[in-house]
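# Notes for the structure review
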Amino acid sequence: KSLLHWVTNNQSYYNRLQNGEKISRLSSERISQLKAIGFDFNEKADGENWVEQTGPDRDNVRWNQRVQELQEFKEEHGHFKVPANVE
């Protein structure tokens, strides 16, 4: 999946948590990890927003890889507005 989809999924999970839904895919530890790199859960990324409808997170390694990719993207571009063409 693209970085954009990962970003928009986590924004959606966070906003659903804020509305009282129970979302097991986004733990408080993961929220803290994203906040630590300055991630804004309300900033809209370029491209379409969609919510993944598959099962629970399978691999923390993949999560950590995406956080690293997101941090690198922000360092390079100065924002979290990931375009749709970034894998």
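Residues numbered from 1 in each chain as written. Predicted model: local features only at pLDDT ≥ 70, side-chain atom pairs only at ≥ 80, totals over all residues. Heavy atoms only, no water.

### What about helix 2 (residues 28-36)?
Listed in full, the buried residues belonging to helix 2 are Arg 30, Ile 31 and Leu 34. The buried residues of helix 2 occupy an angular sector of 100 degrees when the element is viewed end-on, so they sit on one face. Residues of helix 2 that are exposed and angled more than 90 degrees away from the buried face: Ser 28, Glu 29 and Ala 36. One or two steps after helix 2, the chain reaches Gly 38, where phi turns positive at roughly 90 degrees. (Buried < 20%, exposed > 50% of the residue type's maximum accessible area, 1.4 Å probe, protein only. Helix = DSSP H or I, 4+ residues; strand = E, 2+ residues; numbered from the N terminus. Arc of directions from axis to C-beta.)

### Some points on the pattern of salt bridges
Within this structure, the stated rule accounts for 2 salt bridges. In this structure, Glu 21 engages Arg 16 in a salt bridge whose closest nitrogen and oxygen atoms are separated by 3.1 Å. The shortest N-O distance in the salt bridge between Glu 69 and Arg 66 comes to 2.6 Å. In this pair, Glu 69 and Arg 66 are both assigned in helix 3 (residues 60-77), 3 residues apart and thus about one turn of the helix distant. The buried category is assigned to Arg 66, whose relative accessible area is 3%. (Salt bridge = Lys/Arg side-chain N within 4 Å of Asp/Glu carboxyl O.)

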